[in-house]
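# Close look at the chain arrangement
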Amino acid sequence: MSKRLVLTSSETSQVKLCRGKQPSLACLRMLSPVGADFMAFVRDRSFGTILADPPWQFQNRTGKIAPEHKRLSRYGTMTLEDIKSLPVVHAAADTAHLYLWVPNALLPDGIAVLQAWGFEYKSNIVWHKIRKDGGSDGRGVGFYFRNVTELLLFGVRGKNARTLRPGRTQVNYLKSRKREHSRKPDEQYQLIESCSRGPFLEMFARGERDKWTSWGNQADESYEPTWKTYANHSRSGDSAAAGD
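None of these values were measured; they are calculated from a predicted model.

Conventions used here
Residues numbered from 1 in each chain as written. Predicted model: local features only at pLDDT ≥ 70, side-chain atom pairs only at ≥ 80, totals over all residues. Heavy atoms only, no water. Buried < 20%, exposed > 50% of the residue type's maximum accessible area, 1.4 Å probe, protein only. Helix = DSSP H or I, 4+ residues; strand = E, 2+ residues; numbered from the N terminus. Pairing = 2+ DSSP bridges. Patch = residues over 30% accessible without salt bridge, like charges linked within 9 Å, V, L, I, M, F, W, Y side chains within 5 Å. Areas by Shrake-Rupley, 256 points an atom, 1.4 Å probe, with all protein chains shown as cover. Salt bridge = Lys/Arg side-chain N within 4 Å of Asp/Glu carboxyl O. Lys, Arg positive; Asp, Glu negative; His and termini not counted. Charge placed at Lys NZ, Arg CZ, Asp CG, Glu CD. Phe/Tyr/Trp six-rings, centres within 6.5 Å; stacked < 30°, edge-to-face > 60°. Lys NZ or Arg CZ within 6 Å of the ring centre and 35° of its normal.

A word on the pairing of strand β6 (residues 200-203). Burial of β6 is two-sided: the residues Phe200 and Glu202 facing one way and the residues Leu201 and Met203 facing the other way are all buried. By the bridge criterion, 4 bridges tie β6 to strand β7 (residues 212-215) in an arrangement that is parallel. Among the inter-strand pairings, Glu202 is bridged to a residue of β7, identified as Ser214.

Right, here's the structure in full:
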């Protein structure tokens, strides 16, 4: 039997102060600017399923942003503490699912964020990045191994939080070709919609999607990457021919 999840005193204070359609000034003062924006966006809505792809910050042993991740300069990143402090508990229904993308190197951080947001880790889905011919796409980064996979952590909160019937036969594996840097495969949405209950919220979304409420500074229909990217599935007219 799953243990009962208990809110921390900080989470309880956030929920009490941030109830209602208009977040109080005291509520907003507790939060970071990003957290306050999220709180104002969510208002009094609650979601049965939350999908998040945070802008993780990689660091090397000196505590500096790792030089091998120069692509991170293409968009703003957040510290682990800033990600953990987001008031996601306020957006989650009493019984809810969380799908959280995390790079292989930051798996412990991903578990920490999942728990800070009020969820209990249960499983994960592996995304295998492939070439046009179906082989592994080895153009990824990695200090110890060349990464061709990424993890989508799955967590639950509340009672009777099991996946829907299709989830009980769904394998925890996706394969698809890359899109622009850090963008995740569209195949995830059909899988999530078949396995989890709505309403659906996507955090740090790129563009809009039917059936989903999208939040983030790229969460609108006008989203296009501003750098050269792969031709496959890209919304950019300036894609890299090498991506074929």
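A grouping of Arg162, Arg165, Arg168 and Arg197 is seen on the molecular surface, where their side chains present a positively charged patch. Following the sequence through the fold, Arg162 ends up in the loop between β4 (149-157) and β5 (173-176).

Put simply, Gly198 and Pro199 share a cis peptide bond, and its omega is -5 degrees. Here Pro199 shows up in the loop between α7 (187-195) and β6. A positive phi is found at Arg43, a non-glycine position, where the angle reads about 55 degrees. Here Arg43 is to be found in the loop between α3 (33-42) and β1 (47-52). Since its relative accessible area comes to 34%, Arg43 is described here as partly exposed. Positive phi values are uncommon outside glycine, yet Asn160 reaches one of about 50 degrees. Following the sequence through the fold, Asn160 ends up in the loop between β4 and β5. According to the relative accessible area criterion, Asn160 is exposed, its value standing at 73%.

Moving on, we come to the pairing of strand β3 (residues 120-129). Bridging between β3 and β4 involves 8 bridges; their strand directions are antiparallel. For Ser123, the partnering residue across the bridge sits in β4 and is Phe154. As paired elements, β3 and β5 share 4 bridges and run parallel to each other. Paired with Val126 across the bridge in β5 is Tyr173.

Glancing now at the packing of aromatic side chains. Enumeration over the complete set of coordinates arrives at 6 aromatic pairs. With a centroid separation of 5.0 Å and 75 degrees between ring planes, the pair formed by Phe38 and Trp215 is classed as edge-to-face. With a gap of 177 residues between them, Phe38 in helix α3 and Trp215 in strand β7 connect regions that are remote in the sequence. Accessibility assignment for this pair places Phe38 and Trp215 in one class, buried. Note on Phe200 and Trp212: the rings are 4.9 Å apart at their centroids and 35 degrees apart in plane angle, and the pair reads as tilted. In this pair, Phe200 sits in strand β6 while Trp212 sits in strand β7, placing the two residues 12 residues apart along the sequence. A relative accessible area of 11% places Phe200 in the buried class. Through a chain of ring-to-ring contacts, three or more aromatic side chains come together here, namely Phe38, Phe204 and Trp215. Sitting over the face of the ring of Phe41, Arg45 holds its NZ or CZ atom 4.9 Å from the ring centroid. Here the guanidinium or amino end of Lys184 rests over the ring plane of Trp101, the centre of that ring lying 5.6 Å away.

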